[in-house]
Amino acid sequence: MKKLVSILALLLALSLVFSGCGNSTQDPADTSDADKTGEEPLRVAFVTWEAQGDNGFCDSCVSGVKRIAEEFGCEYTILEAGGDTSKYTQIVDTCFQWQPDVVFASCNGFEEQLCKYADQNPDIKIINIDTILDNSNKTISSVQFVQEEGSFMAGVVAALVTEGGLEYSNEEKIVGAVGGNDIPVIRSFIYGYEQGVAYINPEIKVETVYCGDFMDPVLGKQAANQLYAKGCDIIYQIAGVTGDGCLEAAGENQKYAIGVNSNQNGNVPGYVVTSMVKDCGGAIYDIFTKIMDGSYKAGEHYRYYYGEGGTYIAIDEYTESILTPEMLETVREVEEKLINGEIEVELYPDFWVD
Amino acid sequence: MSWNLILTILSSAFSASIPVLLAGMGGLFTHHANVFNISLEGMLLVSAFTAVAGTMSTGSWVMGLVYGMLGSVFVSLLFAFFVLKIQMGEFITGIAINTLATGGTTYFMRQMFNVKGTLTSPDIVSIPKWDIPILRDIPVLSDILNGQPWLFYFAFLVVIPLVYIVLYKTRFGLRLRATGFEAKAADAVGIKSHSYRLIAILICGVLCGLGGSYLSIGYMRMFSENMSSGRGWIAIAIILLTKGQPLKIMMLALVFGFCEGLGMSLQGYEIPVQFTYMLPYVATIIALFLDSRKKKSVGNKKA
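Residues numbered from 1 in each chain as written. Chains lettered and ligands numbered in written order. Predicted model: local features only at pLDDT ≥ 70, side-chain atom pairs only at ≥ 80, totals over all residues. Heavy atoms only, no water.

Undergrad: Could you give me a rundown of the overall build of chain A, with the residues and numbers involved?
TA: Helix and strand content of chain A: eleven helices and twelve strands. Counting the 354 residues in chain A, one finds 57% classified as buried. Here the analysis covers contacts within chain A between residues at least 6 apart in sequence; of these, 68% occur between residues at least 24 apart. Put simply, chain A shows about 14600 Å² of open surface, and 49% of that area lies on carbon and sulfur atoms. (Helix = DSSP H or I, 4+ residues; strand = E, 2+ residues; numbered from the N terminus. Buried < 20%, exposed > 50% of the residue type's maximum accessible area, 1.4 Å probe, protein only. Contact = heavy atoms within 4.5 Å. Areas by Shrake-Rupley, 256 points an atom, 1.4 Å probe, with all protein chains shown as cover.)

Here it is in structure tokens:
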């Protein structure tokens, strides 16, 4: 009897855990009720290894899909694994059983399965977001963001802050960067950042710390404290949740920080100067308009450069309250030069292999 | 390496190692009661969450701390129920509790606050920081030790001495250790080993509650998914390595914290990050090795 009770109790406990992780993986009711009479509306699916509600990458993608659904009257479904690898097979299967016309995917482990489906269904347009994915029939397209360009602008802002003698800047010409881990994609951010800093003044030093963890804000705070102690007055964080610790350290040390991926300017008001935003929703929308006007090519690697739909720095009232009007003007000028090609940002060679 | 940087590393070695230290102080009670408690991680995580939820709902850090301790005590009661009442394996229970803590805090964070990843809010009130008059005037020490949350001083000046005294100088501590050493013998002389184990688990819950609250409303002012990030496991490792001696636990927790900070700053000297990530673990083992050698040579002399 005791054993039975203990087993039941354990099962109960475990079921709680799973209900904790479980999100609405498949929710056919989520599809918008488009008019089914007449021409069939296009069916758009978004498959992600993450879950919604991250205020970042995933939410941005979903907003893009929803925008498509609204403007073009498509049906859509969103399939999320919530980071649970055991659900990957299930969500990809469900996605293709739904018979989509267009699939946007954010893979982190189910690439092979997606390729398999892509080979079997050459008519379905599959677009992989943020990484390059090629199947043998070359029907999957990839979307990549040139984060070097957004980071370049972050570097420009950082250099202006350390040069400019703002309220909390110091004498030393040092700026900092905190990376989640020492991997090529993070290095590509820093590569762009360094170029941006050097564009304003090549003598400014860039100090980088890698935390080795994307999920530990305590480490992020320690790293940021160290960089501020070394004389940095502004830090660019590229470290996910770890980076939230850096932003907090900025407020506590009364120094500046730059956010990443989504607009984090309001997280620690007055200290987060700007954020390097990756506009996945914009890119998804752009790809879909290409599909609609027929200019979309299967198997293509689309690169999104600086600006809406790519990467850009978020300038809002928080930024305006920190930077002087002259600085903002310089930022705008550099931005313009970057967009019209006067400035060329080098790409990090180890990351952009193809 | 600039002077400023060294002070920062030392300061964060002290302040960031408090959660490990408090969890270690709690865990040593269960260690001495011969309860293999691996749920320190879960206790830290749950209390970090409930502490944040407490300050956000009441607007006071006192309630945050109370909620933090209650959260962790609740977990320890759960652990005690399974282990002592229905005699389930300690290891299995510990794993279940840690999984439950990760999933549960994430779930409630999303349900209650509608955020994923990190929970930050101006409503989170952090534990007040103390500016200590005498300490303020001592040049180096003031940079390292002054201006920390009061729980920091409480941990070093009250918790550690108290744990030491309770464990080695009181009847309770003696009986607790006797229970852990040979429960049947203890029972035979009239010590209720069962209740000693229960008390040890509860003390562990209270101290982990302090550690978890320190994590989310002391050192940081936020909660993030899986925020304890293995600190409970490090505490367990330290307890096992030191055989549950409070002063050595404190020493190793500080060594670990210091090397974590030192590792980061060494990245500035072209040392590959893989080595700097390793540093705290390697240093902890070396510290222990040196310590055990010292003891051995003393033993040899005696012999």
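Undergrad: How would you sum up the overall build of chain B? Please name residues and give values.
TA: Each helix and strand counted, chain B has 14 helices and two strands in total. Radius of gyration (C-alpha) of chain B: 20 Å, near the 19 Å computed for a compact globule of 303 residues. Summarising its shape, the C-alpha atoms of chain B cover approximately 60 × 60 × 40 Å along the three principal directions. The contacts in chain B between residues at least 6 apart in sequence include a share of 74% that link residues at least 24 apart. For chain B, the distance from the average position of its 22 positive side-chain charges to the average position of its 12 negative side-chain charges is 12 Å. (Rg over C-alpha atoms; globule rule 2.2 N^0.38 Å. Lys, Arg positive; Asp, Glu negative; His and termini not counted. Charge placed at Lys NZ, Arg CZ, Asp CG, Glu CD.)

Undergrad: Got a sec to walk through the interface of chain A and chain B? Specific residues and values, please.
TA: At the interface, 40 residues of chain A touch 43 residues of chain B. On the chain A side of the contact with chain B, V218, Q222 and Q226 of chain A bury the most area, a combined 18% of that side's loss. Our count for the contact surface shared by chain A and chain B stands at two salt bridges. Put simply, E252 of chain A and K129 of chain B hold a salt bridge, and the shortest N to O gap is 3.8 Å. (Buried area = accessible area lost by both parts, 1.4 Å probe. Salt bridge = Lys/Arg side-chain N within 4 Å of Asp/Glu carboxyl O.)

Undergrad: I'd like a rundown of the sheet that holds strand β1 (residues 43-48) of chain A, residues and numbers included.
TA: Residue and element names in this part refer to chain A. In space, the six strands of this open sheet follow the order β2-β1-β3-β4-β5-β11, with parallel pairing throughout. Two strands lie at the open edges of the sheet, namely β2 (75-80) and β11 (301-304), each paired on one side alone. Across the sheet, the mean angle from the axis of one strand to that of its neighbour is 20 degrees, orientation sign disregarded. Across four bridges, the pairing between strand β3 (residues 102-106) and strand β4 (residues 125-129) is parallel. From the neighbouring strand, V102 faces β4, where its bridge partner is K125. (Pairing = 2+ DSSP bridges. Axes fitted to C-alpha atoms, helices over the stretch in contact; angles between N-to-C directions.)

Undergrad: Quick rundown of the domain arrangement of chain A? Include the residues and the values.
TA: Considered domain by domain, chain A is made up of domain 1 (23-145 + 281-304) and domain 2 (147-277 + 324-339). Computed from C-alpha atoms alone, the centre-to-centre distance between domain 1 of chain A and domain 2 of chain A is 32 Å. (Domains from an automatic or database assignment.)

Undergrad: Which residues make up the sheet that holds strand β6 (residues 174-179) of chain A, and what are the values?
TA: Residues and elements named next belong to chain A. Reading across from one edge, β7-β6-β8-β9-β10-β12 is the order of the six strands in this open sheet, with mixed pairing throughout. Pairing within the sheet leaves two strands with one partner each, and these edge strands are β7 (205-210) and β12 (311-314). Each strand axis lies, on average, 20 degrees off the axis of its neighbour in the sheet, ignoring direction.

Undergrad: Could you give an account of the nonpolar core, with specific residues and numbers?
TA: Of all hydrophobic cores here, the largest spans 80 residues; its most connected members are M25, F223 and M227 of chain B. Of all the elements, helix α11 (residues 193-219) of chain B adds the most residues to this core, at eleven residues. Among residues more than four places away in sequence, those in contact with M227 of chain B are D216 and P217 of chain A together with L45, A48, L215, S216, M220 and M222 of chain B. Formed by 62 residues, the second largest nonpolar core is a distinct cluster that contains I190, A224, L227 and I322 of chain A. (Core = buried A, V, L, I, M, F, W, Y, C linked by side-chain atoms within 4.5 Å.)

Undergrad: An account of a negative patch on the surface is requested, with residue identities and associated values reported.
TA: Residues and elements named next belong to chain A. Taken together, the side chains of E326, E329, E333, E336 and E342 make up a negatively charged region of the molecular surface. Its place among the elements puts E336 in helix α11 (residues 325-339). Judged by its relative accessible area of 56%, E336 falls in the exposed class. (Patch = residues over 30% accessible without salt bridge, like charges linked within 9 Å, V, L, I, M, F, W, Y side chains within 5 Å.)

Undergrad: Can you break down helix α12 (residues 231-242) of chain B residue by residue, with the values?
TA: The terminal C-alpha atoms of α12 of chain B lie 16 Å apart, and with twelve residues this matches the ideal 16 Å at 1.5 Å per residue to within 8%. One or two residues past the end of α12 of chain B sits K243 of chain B, with phi positive at roughly 55 degrees. (Expected span 1.5 Å × (residues − 1).)

Undergrad: Before we move on, could you go through the pattern of salt bridges and cite the residues and values that matter?
TA: Under the criterion given, the structure shown has 16 salt bridges over all chains. Between E75 of chain A and R43 of chain A there is a salt bridge, with its nearest N and O atoms 3.3 Å apart. Of this pair, E75 of chain A sits in strand β2 while R43 of chain A sits in strand β1, placing them 32 residues apart in sequence. Both residues of the pair, E75 of chain A and R43 of chain A, count as buried. A salt bridge links R136 of chain B to D131 of chain B, with the shortest nitrogen-to-oxygen separation between them at 3.1 Å. Residue R136 of chain B is classed as partly exposed on the basis of its relative accessible area of 44%. A cluster of three or more residues bridged by salt bridges with shared partners is formed by K221, E248 and E252 of chain A together with K129 of chain B.

Undergrad: I'd like a description of the packing of aromatic side chains, backed by residues and values.
TA: Scanning the entire structure with this criterion turns up 27 aromatic pairs over all chains. Between F14 of chain B and F156 of chain B, the ring centres sit 5.8 Å apart and the planes meet at 65 degrees, which makes this aromatic pair edge-to-face. Residue F14 of chain B is located in helix α1 (residues 3-16), and its partner F156 of chain B is located in helix α8 (residues 150-169); the two are separated by 142 residues in the primary sequence. Its relative accessible area of 25% is what places F14 of chain B among the partly exposed residues. Measuring from centroid to centroid gives 5.3 Å for F256 of chain B and Y281 of chain B, while their planes differ by 80 degrees, and the two rings are edge-to-face. Residue F256 of chain B is found in helix α13 (residues 246-266), and its partner Y281 of chain B is found in helix α14 (residues 273-302); the two are separated by 25 residues along the sequence. Taking the relative accessible area as the measure of exposure, F256 of chain B reaches 6% and is therefore buried. Connected via pairs of aromatic rings, a cluster forms that spans F14, W61, W130, W150, F152, Y153, F154 and F156 of chain B. Positioned above the aromatic ring of W98 of chain A is the side chain of R43 of chain A, whose terminal nitrogen or guanidinium carbon lies 4.2 Å from the ring centre. K221 of chain A extends its terminal NZ or CZ atom over the ring of Y219 of chain B, reaching a point 5.0 Å from the ring centre. (Phe/Tyr/Trp six-rings, centres within 6.5 Å; stacked < 30°, edge-to-face > 60°. Lys NZ or Arg CZ within 6 Å of the ring centre and 35° of its normal.)

Undergrad: Got a sec to walk through the state of the cysteines? Specific residues and values, please.
TA: Counted by the stated rule, this structure contains zero disulfides over all chains. You can see C74 of chain A has no disulfide; the closest cysteine sulfur is in C95 of chain A, sitting 14 Å from it. Overall, C74 of chain A belongs to the buried group, its relative accessible area being 1%. A disulfide-free cysteine, C204 of chain B has its sulfur positioned 4.1 Å from the sulfur of C208 of chain B, the nearest such atom. (Disulfide = S-S within 2.5 Å.)

Undergrad: Break down a nonpolar patch on the surface for me, with residues and values.
TA: On the surface, a nonpolar cluster with roughly 750 Å² of combined accessible area is contributed by Y269, I271, F275, M278, V282, I286, F289 and L290 of chain B. Relative to the helices and strands, I286 of chain B is located in helix α14.

Undergrad: Tell me about the layout of surface pockets, and name the residues and values.
TA: Of the voids in this model, the second largest pocket is the one considered here, and its volume is about 630 Å³. Lining the second largest pocket are 24 residues, with N225 and N253 of chain A together with S11, D143 and Q148 of chain B positioned closest to its centre. Looking at the lining of the second largest pocket, the elements that each hand over two or more residues are α7 (217-229) and α8 (240-253) of chain A together with α1, α7 (139-145) and α11 of chain B. For the lining of the second largest pocket, the element with the highest residue contribution is α1 of chain B, accounting for six residues. (1 Å grid on protein atoms, 1.4 Å probe; cavity = no way out; pocket = protein on both sides within 12 Å on 5 of 7 lines; lining within 4 Å. Points joined across faces, edges and corners; volume = space filled by probe spheres on them.)

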